[in-house]
Amino acid sequence: MVQTGVVLAYLALVMYLGIFAFRSRRAAPGAEEYFVAGRKLGPAVFLLSLFGTNMTAFSILGASGHAFANGIVTYGLMASSSALVIPVSLLLIGTRLWALGKRHGFMTPVQMFRDRWECGHIGTVIFVVQAVLLVPYIIIAVMGGGTTLHTVSGGRVPFWLGGGLVSLVVTTYVFFGGMRGTAWVNAFQTVLFLLFGAIAVAVVSAGMGGFSTAMESMLASPATAPLLSRERISPLYFLSYTFIPLSSIAFPHIAIFCLTAERLSHFKKTIVFYPLCMLAIWLPSVFLGVAANRATDVPAIAAKVEARAELAAGGPALSQDARDRLRVQAAGDDVILRLVEGYAPLWLAALLGAAVMAAVMASDSQILALSTMFTEDVFTFYGGRRRFGEAMQVRTGRAFVVLLTAIAYLVALRMPQSIFDLATQYAFAGYAALSPLLVAALFWRGSTKWGALASTVWTAAAVAFVAVVQTTVAPPPPGAGVPILTIGDIDVVTRAAAGMMVAGFLPVVPMTVISALLMVVVSALTARTQPAKDTLAKYFPG
Amino acid sequence: MTRVAIAVILAVLYGLHQDFWLWREARPLVFGVLPIGLFYHAAYTVATAVVLWVLVRIAWPSHLEEPVTRA
């Protein structure tokens with residue numbers, strides 16, 4: 001009851017922050033104010049909000065769940081690689097997007113692509129691919145909200161009501177607060193994340209009687225010792241993960257967020273502090289996930305450990321149904337919730353509920369980004385603003401926010417979450433494969449619209465292919481692989497337990513490399529279609 | 001600082017992320033609790049922040065900051 005109350009109070013606070021707290025009296029009403037906060041965000045909000053926008057439910061729940069099953073490798077796979085790649089992409093690409101936005105008024109990446117390559121409908125193709133890859137995140141967030149409220153209320157708040165409530169809160173502050181409201185909510189949520197990690201480590205450590213004993217006993221057991229090294233993961237798999245953070249700057253909501261800073265210098269603190277924020281959130285999440293393997297005095301965690309042991313002992317002898325059932329039982333996504341439930345006082349468990357809500361509500365930026373993209377890349381591009389005016393453009397953006405959230409809510413009520421969990425995995429690879437578009441647009445004079453189209457169509461086709469393979473070929477037991485494409489004696493494409501692999505790499509690697517190659521080769525073949533000199537001079541002065 | 005020097009620094013940092021030399025090691029437990037592989041990547045994250053601080057100081061794209069007039 002206390003937890004439910006705290007979470008509901010948190011939702012009310014977030015709504016207040018988003019709508020009223022930081023509404024600028026000086027700001028001129030209009031599209032630029034609504035969609036990119038008038039390009040006037042200060043350095044602290046820019047840092048905290050950009051970081052919070054990049055953090056999803058996965059950062060707290062998924063990271064500890066992954067670490068629970070896979071061990072310390074989770075940090076190297078997802079945190080330290082992002083700590084390098086994301087700030088570097090902000091330094092090299094984000095700053096240039098900011099400058100171009102300030103100079104030419106761009107509000108979306110597609111606007112910039114259309115101008116840079118002097119194209120119209122190819123920009124629409126890029127918009128469609130970006131939008132399709134972004135929608136699953138919004139549906140997942142609605143589902144996460146429903147599940148979290150259902151869990152923290154002990155089942156008193158049904159899934160449909162929890163999802164509806166979260167959708168309503170997010171829609172309301174995005175509708176009224178636009179980018180400024182969304183940015184302040186994200187900044188507040190990031191502070192909550194940062195506080196939560198340290199507090200949770202201290203409380204769980206006290207509950208478990210310190211972590212030294214837990215680590216030593218894990219090292220002494222053959223079942224858990226591998227979780228403290230990376231012996232179960234291949235170096236190629238590890239290397240593949242460094243491609244995933246390339247997706248960050250290619251996500252429209254991150255690229256659009258780069259346009260909101262008042263000054264270029266605001267990027268400096270964001271770039272330097274980004275790795276430290278990653279450390280502050282991910283190290284506790286991963287460490288607690290690993291340590292949970294010794295928290296078997298918490299019944300729910302003991303049940304997960306037993307299910308995993310049964311899965312490992314049964315191996316290929318288990319039926320597919322039994323494997324699927326045991327996988328669900330052993331899944332660790334709620335392991336940090338269970339740890340805090342087991343060791344923390346009620347007040348901390350309630351705060352955790354709020355932090356989890358913060359994580360699952362990270363869809364606000366994606367909703368706003370899709371609304372910005374729709375109004376700028378479709379409504380304005382096809383003459384809507386010219387005919388109906390700027391006020392109608394903002395009204396259209398707001399209507400789109402309501403419509404999109406309502407559709408996401410209805411879909412969330414009717415479809416299983418596993419579909420969208422998978423879809424978000426594809427989306428990361430898809431956006432990483434779209435990153436060559438940004439690099440080519442900003443750094444290569446010779447790139448052409450046909451090169452951009454080739455990269456985009458390839459990305460869409462590759463994502464669809466991976467999705468089909470992963471949904472039609474059942475996952476084999478851990479360690480085994482189902483050959484899908486064999487050339488000579490070499491299995492080029494295989495279906496492993498963790499997903500599809502290409503020559504030992506995750507699909508994101510060939511997807512990104514081929515996308516970059518297509519950009520180079522097709523641009524070279526269509527060099528005659530390069531934009532006019534005046535256009536090139538905007539991007540490559542001097 | 002030349003573009004080549006920056007590229008080399010970033011390439012070295014990227015290479016250091018692939019710490020195959022600690023692949024199968026769990027010991028020593030740093031501070032008695034952190035397996036060496038996890039400690040290495042935590043330290044790597046801090047080192048990344050330091051390198052980025054240096055890059056921001058000496059390779060900042062200040063030409064982008066020039067006063068702009070909306071075209």
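Procedures and definitions
- Residues numbered from 1 in each chain as written.
- Chains lettered and ligands numbered in written order.
- Predicted model: local features only at pLDDT ≥ 70, side-chain atom pairs only at ≥ 80, totals over all residues.
- Helix = DSSP H or I, 4+ residues; strand = E, 2+ residues; numbered from the N terminus.
- Rg over C-alpha atoms; globule rule 2.2 N^0.38 Å.
- Contact = placed C-beta atoms within 7 Å.
- Nonpolar A, V, L, I, M, F, W, Y, C, P; charged D, E, K, R; others polar.
- Expected span 1.5 Å × (residues − 1).
- Buried ≥ 20, exposed ≤ 12 C-beta atoms within 10 Å, placed from the backbone.
- pLDDT = per-residue confidence, 0-100.
- Pairing = 2+ DSSP bridges.
- Axes fitted to C-alpha atoms, helices over the stretch in contact; angles between N-to-C directions.
- Parallel < 35°, antiparallel > 145°, perpendicular 65-115°, else oblique.

Undergrad: How would you explain the overall build of chain B if you had to name every residue and give the values?
TA: In terms of helices and strands, chain B carries two helices and two strands. Reading chain B from its N terminus to its C terminus gives the helix and strand order α-β-β-α. Its C-alpha atoms give chain B a radius of gyration of 18 Å, clearly above 11 Å, the size a compact globule of 71 residues would have. In terms of its C-alpha atoms, chain B occupies a principal-axis envelope of roughly 60 × 25 × 20 Å.

Undergrad: How would you summarise the interface of chain A and chain B if you had to cite specific residues and measurements?
TA: With 40 residues of chain A at the interface, the matching set in chain B holds 33 residues. At the level of secondary structure, the elements contributing two or more residues to the side of chain A that touches chain B comprise α5 (73-104), α9 (211-220), α10 (235-240) and α13 (266-291) of chain A. Here the side of chain A that touches chain B gets 16 residues from one element, more than from any other, and that element is α5 of chain A. When grouped by side-chain class, the residues that make up the side of chain A that touches chain B number 25 nonpolar, nine polar and six charged.

Undergrad: If you had to explain helix α3 (residues 43-54) of chain A to someone new, which residues and values would you point to?
TA: All names here are of chain A. The first and last C-alpha atoms of α3 sit 17 Å apart over twelve residues, in line with the 16 Å expected at 1.5 Å per residue. Within α3, ten of the twelve residues are buried, leaving the element largely enclosed by the surrounding structure. Those residues of α3 that sit buried are Val45, Phe46, Leu47, Leu48, Ser49, Leu50, Phe51, Gly52, Thr53 and Asn54. Lining the buried residues of α3 we find α5, α8 (159-208), α11 (246-250), α12 (252-257), α13 and α18 (364-380).

Undergrad: Let's hear about the confidence of the model for chain B: which residues, and what values?
TA: Model confidence for chain B is summarised by a mean pLDDT of 90, while 92% of its residues fall at 70 or above. Both scores are available for the predicted complex, with the pTM at 0.91 and the ipTM at 0.95.

Undergrad: Kindly report on the pairing of strand β1 (residues 481-487) of chain A, identifying the contributing residues and their values.
TA: Note on strand geometry: in a regular strand, side chains alternate between the two faces of the sheet. Residues and elements named next belong to chain A. Counting buried residues in β1 gives zero out of seven residues, a small share hidden from the surface. Pairing analysis gives six bridges linking β1 to strand β2 (residues 490-496), with the strands arranged antiparallel. Note that in β2 the partner of threonine 486 across the bridge is aspartate 491.

Undergrad: Any details on the packing of helix α1 (residues 3-17) of chain B against helix α2 (residues 36-58) of chain B? Residues and values, ideally.
TA: Residue and element names in this part refer to chain B. Two elements in contact, α1 and α2, have axes separated by 11 Å at closest approach and are oriented at 175 degrees. If you check the angle between α1 and α2, you find them roughly antiparallel. Residues Ile6, Ile9, Leu13, Leu16 and His17 of α1 lie in contact with α2, whose contacting residues are Tyr44, Thr48, Val51 and Leu55. Classifying every residue of the contact of α1 with α2 by side-chain character gives seven nonpolar, two polar and no charged.

Undergrad: Hey, could you go over unusual backbone geometry for me, with residue numbers and the actual values?
TA: Cis rather than trans, the peptide bond between arginine 27 of chain B and proline 28 of chain B has omega equal to 0 degrees. Relative to the assigned elements, proline 28 of chain B resides in the loop between α1 and β1 (29-30). One non-glycine residue, arginine 39 of chain A, lies in the positive phi region at around 55 degrees. In this structure, arginine 39 of chain A sits in the loop between α2 (31-36) and α3. Of note in the backbone geometry, alanine 503 of chain A takes a positive phi value of approximately 50 degrees without being a glycine. Mapped onto the elements, alanine 503 of chain A comes out in the loop between β3 (499-502) and α23 (508-525). Assessed through the 13 C-beta atoms surrounding it within 10 Å, alanine 503 of chain A is described here as partly exposed.

Undergrad: Break down the environment of phenylalanine 20 of chain B for me, citing the residues and quoting the values.
TA: All names here are of chain B. Note on placement: phenylalanine 20 falls in the loop between α1 and β1. Phenylalanine 20 gets classed as exposed once you count the C-beta atoms within 10 Å, which come to 10. For phenylalanine 20 and histidine 63, which are 43 residues apart along the polypeptide, the C-alpha to C-alpha distance reads 40 Å.

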